[in-house]
Amino acid sequence: MTNWDRVGPQLLEASYETVYMCGVAMGLSILLGVPLGVLLVVTSPGGLKPRPVANAVLGGLVNFGRSLPFIILLVLVAPVTRLVTGTTIGSTATIVPLTISATPFLARLVETALREVTPGKVEAALAMGARRRDVVRTVLLPEARPSLIAGATVTIVALISYSAMAGAIGGGGLGDFAIRYGYQRFDTTLTIVTVVVLMAIVQVVQLTGDRLAHRLAHRS
Amino acid sequence: MITLSHITKTFPASRRSPAVTALDDVSLTVARGQVMGVVGPSGSGKSTLARCINLLERPTSGTVTVDGEELTALPEQGLRSARRRIGMIFQQFNLLDSRTALANVEHPLELAGVGRAERRARATELLERVGLADKLHTHPAQLSGGQQQRVAIARALAPRPRVLLCDEATSALDPVSTDSILALIRQLTEELELTTVLITHEMPVVKRVCDAVTLLEHGRVVDAGLLSEVAARPDSPLATRLLPPAERLPDAGTASVVEVTVGDGTTGSLISELVRRYGVDVDVVGGAVESIGGTRFGRLQLAVDGPADQVRGALDHLALAHLELQGSTR
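All values derive from a computational prediction rather than experimental measurement. (Residues numbered from 1 in each chain as written. Chains lettered and ligands numbered in written order. Predicted model: local features only at pLDDT ≥ 70, side-chain atom pairs only at ≥ 80, totals over all residues. Heavy atoms only, no water.)

### Regarding the overall build of chain B
Line of reasoning, step 1. A tally of helices and strands in chain B yields eleven helices and 14 strands.
Line of reasoning, step 2. When the backbone C-alpha atoms are referred to their principal axes, chain B occupies close to 80 × 50 × 40 Å.
Line of reasoning, step 3. Sorting the 330 residues of chain B into buried and exposed places 52% on the buried side.
Line of reasoning, step 4. The contacts in chain B between residues at least 6 apart in sequence include a share of 68% that link residues at least 24 apart.
Line of reasoning, step 5. When the accessible area of chain B is evaluated, it comes to approximately 14,500 Å², of which 48% is carbon and sulfur surface. (Helix = DSSP H or I, 4+ residues; strand = E, 2+ residues; numbered from the N terminus. Buried < 20%, exposed > 50% of the residue type's maximum accessible area, 1.4 Å probe, protein only. Contact = heavy atoms within 4.5 Å. Areas by Shrake-Rupley, 256 points an atom, 1.4 Å probe, with all protein chains shown as cover.)

Below, the structure written as structure tokens:
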């Protein structure tokens, strides 16, 4: 029933789109989410530079972003998406809602990771005459690296699953492919094959992340 | 070298706890080259005191002067460079797990903007100095507590500070490591002409390395002085901690038992003098002799026996000789 000669290259194309969407969205989320997470920690009460109001505003914004179901966000930010990419359809357009969704998610994970760093290490650095940005750069981020990698891995996996959801409204990638060629044409085999490809991608991401985190964790 | 003048530190009330006065009008002077012990029960404000010296905690009032520079008057930037002249080590070592021993020691030099080659050379030299020449590329997790504290000492000394603050530096260590770390602190203080403040709750630590000692209780200085001085004032709060008196004087039958505190190895001559001048029998029935601050001090329980008036004479003699007397005359 499945015409592999015709569908095969399209499956490959869809896989590439998924990797592309999630990769770019992840890169952007790191650029935005890591500083946001750092700010959440630094401005918190008892942080390096306590700013209660700014902290509450940032925290509220992050919570708002986290509480929106992705499928709603997808529709809600369509005007922004059009403004940025000129369209709301296809994988490039999907990068916008993916990034908006993953940034607060990652920011919270970064915040948690940084809070795990023993306060004594920060104190030791301050006693050495470190500036606040030195503390962030040379103590907080490097010491939290294993947790940060683990957080990034969780975020990529979440992005992959969100990107598949974007397929429902023509977002491109494997989700889109599964709906159009598998679901709408009643080609169960193809749907299953798509799921297997998704699983393989997630597996590779998770394994790489775990390895990296383990290698960077210098614990006995 | 270090002068704390009328330091008060109050932590404001929070939702969970009422306001706490951790330090209450504390004044303290540490002379150049001295090892000053700060002792006291937990919660007495010792650690807050240490943190006030490098202004990790800013005192609510009072001034901190280190090496002629009033730290409490410095702006942020000046304070950061002043902190480089004050090394600090901690109970939990606080090394960075992501860095090797060498990179940990390089950290303060990095912050001070020292070039890579010079950093490496200095860090290597320091790790050799603290006896870890073979552990340069080892991560803290692979080191024992004592070794980690050695790395922390090397790190604290990397920017060539004039002052070393030790906050319960041996409290997480086993007795053998404690001894070797204390010996190292003493040795480095002398060789590098440091001025050292050692926060501890353990009196034996003070006896072993300190020249002077300050006793804090409830955030106030209760007693202070050179070790040899305070030990010679047997009823002072510090002396009773340095050389605890006997809880109960031993029973010696008909003899009068007294406890005396003697300094500088005069025990033998004291006893022979009593025997010679008063014709009494003197027996040492208990006590301890220890070296404190380089001087030998003893708390001895003596049983003095003989005719009543001669015994009285001997006891009066002890009292006149300014030796602390406590005990029973039967």
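### Considering the pattern of salt bridges
Line of reasoning, step 1. As enumerated under the stated definition, the model contains 26 salt bridges over all chains in all.
Line of reasoning, step 2. One salt-bridge network, held together by shared partners, links Arg108, Glu111 and Arg115 of chain A. (Salt bridge = Lys/Arg side-chain N within 4 Å of Asp/Glu carboxyl O.)

### Thoughts on the sheet that holds strand β6 (residues 86-89) of chain B
All names here are of chain B.
Line of reasoning, step 1. Taken in spatial order, the six strands make up an open sheet running β6-β7-β8-β3-β9-β10, and their pairing is mixed. One side of each edge strand has no neighbouring strand; the edge strands of this open sheet are β6 and β10 (220-226). Pairs of neighbouring strands in the sheet enclose a mean axial angle of 15°, with direction left out of account.
Line of reasoning, step 2. Relative to strand β7 (residues 163-167), β6 runs parallel, the two being bridged by four bridges. Bridge assignment links Ile86 to a residue of β7, and that residue is Val163.
Line of reasoning, step 3. Set on the sheet, helix α1 (residues 46-53) makes contact with β3 (35-39), β6, β7, β8 (195-200) and β9 (212-217); between it and β8 the angle comes to about 155°. (Pairing = 2+ DSSP bridges. Axes fitted to C-alpha atoms, helices over the stretch in contact; angles between N-to-C directions.)

### Some details on the interface of chain A and chain B
Line of reasoning, step 1. At the interface, 21 residues of chain A touch 24 residues of chain B.
Line of reasoning, step 2. Among the ionic pairs, Lys121 of chain A bridges to Asp97 of chain B, the shortest N-O distance being 2.8 Å.
Line of reasoning, step 3. Linking chain A to chain B there are eight residue pairs in polar contact (both at pLDDT 80 or more).
Line of reasoning, step 4. Going through the elements one at a time, α6 (119-127) and α7 (132-143) of chain A are the ones with two or more residues in the side of chain A that touches chain B.
Line of reasoning, step 5. The dominant element in the side of chain A that touches chain B, judged by the number of residues it contributes, is α6 of chain A, at seven residues.
Line of reasoning, step 6. Across the side of chain A that touches chain B, the residue classes tally to eight nonpolar, five polar and eight charged. (Polar contact = N/O pair within 3.5 Å; in protein donor to acceptor, adjacent residues only side chain to side chain. Nonpolar A, V, L, I, M, F, W, Y, C, P; charged D, E, K, R; others polar.)

### Considerations on the side chain of Arg83 of chain B
Line of reasoning, step 1. Its location among the elements puts Arg83 of chain B in helix α2 (residues 76-83).
Line of reasoning, step 2. Despite its burial, Arg83 of chain B remains without a salt bridge, the nearest opposite charge being carried by Glu76 of chain B at 6.2 Å.
Line of reasoning, step 3. Engagement of the side chain of Arg83 of chain B in a polar contact is seen with the backbone oxygen of Leu126 of chain A, the distance being 3.5 Å.
Line of reasoning, step 4. Polar side-chain contacts of Arg83 of chain B include one of 2.9 Å to the backbone oxygen of Asn54 of chain B.
Line of reasoning, step 5. Beyond its immediate sequence surroundings of up to four residues, Arg83 of chain B is in contact with Leu126, Ala127 and Gly129 of chain A together with Asn54, Leu55 and Leu56 of chain B. (Lys, Arg positive; Asp, Glu negative; His and termini not counted.)

### Some details on the packing of helix α3 (residues 101-111) of chain B against helix α5 (residues 145-157) of chain B
How two helices pack is summed up by the angle between their axes together with the distance between the axes.
All names here are of chain B.
Line of reasoning, step 1. The contact between α3 and α5 brings their axes to 7 Å, and the two run at 30°. Between α3 and α5, the interaxial angle falls into the category roughly parallel. Handedness of the α3/α5 crossing: right-handed. In contact with Ala101, Asn104, Val105 and Pro108 of α3, α5 contributes Val151, Ala154 and Arg155. (Parallel < 35°, antiparallel > 145°, perpendicular 65-115°, else oblique. Left-handed = near helix turned anticlockwise from the far one by under 90°.)

### Description of the nonpolar core
Line of reasoning, step 1. Ranked by size, the top nonpolar core spans 50 residues in total, and within it Ile89, Val105, Leu127, Val151, Ile153 and Leu242 of chain B carry the most contacts.
Line of reasoning, step 2. Three or more residues apiece are contributed to this core by two domains, here domain 1 (2-226) and domain 2 (243-320) of chain B.
Line of reasoning, step 3. When residues no more than four places from it in sequence are discounted, the contact partners of Leu242 of chain B are Met203, Val206, Lys207, Leu227, Val230, Ala231, Glu290 and Ile292 of chain B.
Line of reasoning, step 4. In this structure, Val42, Val139, Leu148 and Leu174 of chain A belong to the second largest nonpolar core, which totals 46 residues. (Core = buried A, V, L, I, M, F, W, Y, C linked by side-chain atoms within 4.5 Å. Domains from an automatic or database assignment.)

### As for α5 of chain B
In an α-helix, one turn spans 3.6 residues; hence positions three or four apart end up facing the same way.
Line of reasoning, step 1. If you check α5 of chain B, its first and last C-alpha atoms are 18 Å apart, about what 13 residues at 1.5 Å a residue would give, namely 18 Å.
Line of reasoning, step 2. In terms of residue burial, α5 of chain B counts as a mostly covered element, since eleven of its 13 residues are buried.
Line of reasoning, step 3. Taken together, the buried positions of α5 of chain B are occupied by Gly146, Gln148, Gln149, Arg150, Val151, Ala152, Ile153, Ala154, Arg155, Ala156 and Leu157 of chain B.
Line of reasoning, step 4. On the buried face of α5 of chain B, the contacting elements are α6 of chain A together with β6, α3, α4 (116-129), β7 and α6 (175-191) of chain B. (Expected span 1.5 Å × (residues − 1).)

### What about the packing of aromatic side chains?
All names here are of chain A.
Line of reasoning, step 1. In the structure shown here, the tally under the stated rule is three aromatic pairs over all chains.
Line of reasoning, step 2. With a centroid separation of 4.7 Å and an interplanar angle of 5°, the aromatic rings of Phe70 and Tyr162 are classed as stacked. Placement of Phe70 in helix α3 (residues 70-76) and of Tyr162 in helix α8 (residues 145-166) is noted, with a sequence separation of 92 residues between them.
Line of reasoning, step 3. Of the residues examined, Tyr162 reaches a relative accessible area of 26% and is grouped as partly exposed. (Phe/Tyr/Trp six-rings, centres within 6.5 Å; stacked < 30°, edge-to-face > 60°.)

### Let's talk about the confidence of the model for chain B
Segments scoring low in pLDDT should not have their predicted coordinates read at a detailed level.
Line of reasoning, step 1. Per-residue pLDDT for chain B has a mean of 88; in total, 94% of the residues score no lower than 70.
Line of reasoning, step 2. Across the predicted assembly, pTM comes out at 0.86 and ipTM at 0.86. (pLDDT = per-residue confidence, 0-100.)

### A look at the packing of helix α1 (residues 4-42) of chain A against α8 of chain A
Residue and element names in this part refer to chain A.
Line of reasoning, step 1. Close contact between α1 and α8 brings their axes to 10 Å; oriented N to C, the two are set at 135°. Between α1 and α8, the angle is such that the two are oblique. Our pair here, α1 against α8, has a crossing hand that is right-handed. The residues of α8 that touch α1, namely those facing Thr18, Met21, Cys22, Ala25 and Met26, are Ala152, Thr155, Ile156, Leu159, Ile160 and Ser163.
Line of reasoning, step 2. When the residues that make up the contact of α1 with α8 are grouped by side-chain class, the tally is eight nonpolar, three polar and no charged.

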